[in-house]
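# Geometric and topological summary
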Amino acid sequence: MTSNRILLAAGGTGGHVIPALAVCNGLRERGFDCKFLTDIRGQAVLEKIAPEQKVSTISASSPVSGAFLKRLFSLFKLSFGVIQSVFYIARFRPFCIVGFGGYPSAPPLIAANICQLPSLLHEQNARVGRANLFLANRVKTMLLSWKNSTPLPKNTDVKLTGLPVRDVFFELADYPEKSYFNTDKPCHILIIGGSLGAEIFANLIPNAISKLPEEVQKSLTITQQVRSEQQSELEAAYSAMSVTYFCSSFFTKMPDEMAKADIIISRAGAASVAEIAATGRAAIFIPFPASLDDHQTVNAKSLTDENAAILVTQKEAESDPTLLTKELLSLITNPQKCKQMAAKARKLAHRDALRKIIETITSCQNSAARSAK
C-alpha cells in the first residue's frame, strides 16, 4: 500500500466519469496520485475531456438486462473485471478505492474487499442506482448527492456530501432583482437537454412558446440547444413567432449561458440539477422518461419538493400542450417568483461537496496509516 495513491472507479458515461474527474482533480491539487479504472466507454469519455488522465480499462457489463445468455456473459465479464482489478491494486498499491457508480465500478470495489482495502461509494442520483445498491454493503461509507436519496442501504454508513460542481457556477452573481419583463428588460429562457433532450425539446418547447400571447413573446429571448440536424427546422419555427432566438448544438461556456438566463428548461440529470441549483435560477425540469428507475424524476424532486423548481413530465407536456405554456407564463409574468425560486434553489446547492468527499477519503488515509503502525 502506498500512502498517497487512490484508485477511482467509474461507469462508462459522463454522469459517472465527470464527478469522478472532479474529485480526481481536487485530490491531485492536494498531492494525491490518482488512477482511473473504467470500461472502454469511460476511457473514450476521458480521452475527450481529460486526455492527460491515467486510466486503465477493465471488463464490465450489466447482468440485469437482456436474454439469459447475455446476462450470463455479463457475469463472466464482471468476474474477469474483478481479476483485472486485483492485478491493478497489486500493481498500483492504493490506500483506498472510491467508486462512482455504474457496473464498471463493481469489480474494483469487490477487489477492494478481497484485498482488504477501505472503499467508498459516491451516488450521483437521488434514486440510488442498482449497481451502487449491490455494492453498498461492501464499502465503508456511501456518499450521497441529495438528501431525498432513496432507497438507502440498511447496514452501511451514509453521508450527505452533494455532487461536485465546478466553482464557476457558485461564483456567478445571485439572480438580479427584476420588477417586470418587457422588450427593454427581456426574459431570457435557456433550454438545454443533451442529445436526447434536445431532440424532443425541438418540437415540444416551440409549440408551448407559440401559444403564449404575442405581447409576451415580444419580451422573450430564447437560447436553445438543438441537434444539428434539427436546427434549421427549429429556427424556422421561432422565426414565425415574435421572439428573439439563438439556437446551437453546443455551448462552449455553459456557466455564462446559465448566468444570463431568467428561466432554464432542462432534463433532470444529476449534473444538470446540481449546476442549476449552484447557479441559482428558476427552472422547469422535464425528466427523460426512459431513465433507469425513473431516476431523473427523483433528481428533479430534490428541488421541486422544496418549491425551488417546477416539474413537468414529458407525458404531461405531450398530452396537454397548454400545460408547459401555463407554467412558463406563471414565471414570465412574475419575475418575483423567478427570484424566489432561484434563491431557494441556491440554498439547496452543496457548495462544499468536493471538500466533504475529499475529507472522507483522507479519513480513510488516516485510518490506513494507523493500521499500518
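Scroll up to find the structure this text is about.
Reading guide: rules and limits
- Residues numbered from 1 in each chain as written.
- Predicted model: local features only at pLDDT ≥ 70, side-chain atom pairs only at ≥ 80, totals over all residues.
- Heavy atoms only, no water.
- Helix = DSSP H or I, 4+ residues; strand = E, 2+ residues; numbered from the N terminus.
- Rg over C-alpha atoms; globule rule 2.2 N^0.38 Å.
- Buried < 20%, exposed > 50% of the residue type's maximum accessible area, 1.4 Å probe, protein only.
- Contact = heavy atoms within 4.5 Å.
- Pairing = 2+ DSSP bridges.
- Axes fitted to C-alpha atoms, helices over the stretch in contact; angles between N-to-C directions.
- Core = buried A, V, L, I, M, F, W, Y, C linked by side-chain atoms within 4.5 Å.
- Phe/Tyr/Trp six-rings, centres within 6.5 Å; stacked < 30°, edge-to-face > 60°.
- Lys NZ or Arg CZ within 6 Å of the ring centre and 35° of its normal.

## Remarks on the overall build of the protein chain
Helices and strands together make up the secondary structure of the protein chain, namely 16 helices and 13 strands. At 22 Å, the protein chain has a C-alpha radius of gyration in line with the 21 Å of a compact globule built from 373 residues. Overall size of the protein chain, expressed as C-alpha extent along the three principal axes, is 70 × 45 × 40 Å. Burial status across the protein chain gives 51% buried among its 373 residues. Intrachain contacts of the protein chain at a sequence separation of at least 6 include 65% that bridge at least 24 residues.

## Overview of the sheet that holds strand β3 (residues 55-57)
Paired through backbone hydrogen bonds, the strands of a sheet run either parallel or antiparallel to each other. Spatially, the 7 strands line up as an open sheet ordered β3-β2-β1-β4-β5-β6-β7, and their pairing is parallel. Every other strand in the sheet has two partners, leaving β3 and β7 (157-160) as the edge strands with one partner each. Averaged over all neighbouring strand pairs, the angle between strand axes comes to 25°, with direction disregarded. Across the face of the sheet, helix α2 (residues 40-49) comes into contact with β2 (33-38) and β3 while running at roughly 130° to β2. On the sheet, helix α3 (residues 68-92) packs against β1 (5-9), β2, β3 and β4 (96-99) and is oriented at approximately 170° with respect to β2.

## Quick notes on helix α12 (residues 295-304)
Most of α12 is tucked away, with 9 of its 10 residues classed as buried. Those residues of α12 not exposed but buried are His295, Gln296, Thr297, Val298, Asn299, Ala300, Ser302, Leu303 and Thr304. On its buried face, α12 sits against α11 (270-279), β12 (282-285), β13 (310-311) and α15 (335-348).

## Some details on the nonpolar core
Of all hydrophobic cores here, the largest spans 36 residues; its most connected members are Ile189, Ile209, Tyr238 and Ile332. Elements with a minimum of two residues in this core: β8 (187-191), α7 (194-210), β9 (220-225), α9 (231-239), β11 (263-266), β12, α14 (321-332) and α15. For this core, the element with the highest residue contribution is α7, accounting for 6 residues. Excluding residues within four positions of it along the chain, Ile209 makes contact with Gln217, Leu220, Ile222, Tyr238, Met241, Val243 and Leu328. Grouped together as the second largest cluster of nonpolar side chains are 29 residues, Trp146, Leu163, Val165 and Phe251 included.

## A word on the packing of aromatic side chains
A full pass over the atoms with the stated rule returns 4 aromatic pairs. Plain terms: the ring middles of Phe73 and Phe76 are 6.3 Å apart, the flat faces sit at 20° to each other, and that makes the pair stacked. Of the two residues, Phe73 and Phe76 both sit in helix α3, 3 residues apart, roughly one turn of that helix. We classify Phe76 as exposed; its relative accessible area is 54%. Positioned above the aromatic ring of Tyr180 is the side chain of Lys185, whose terminal nitrogen or guanidinium carbon lies 5.1 Å from the ring centre.

## So, the sheet that holds β12
The parallel open sheet is built from 6 strands, whose spatial order is β10-β9-β8-β11-β12-β13. Strand pairing shows two members of the sheet lacking a second neighbour, β10 (244-248) and β13, which therefore form its edges. Pairing geometry for β9 and β10, over 5 bridges, is parallel. Bridging from a neighbouring strand, Thr221 pairs with Thr244 of β10. This element, α15, spans β11, β12 and β13 of the sheet and lies at about 80° to β12.

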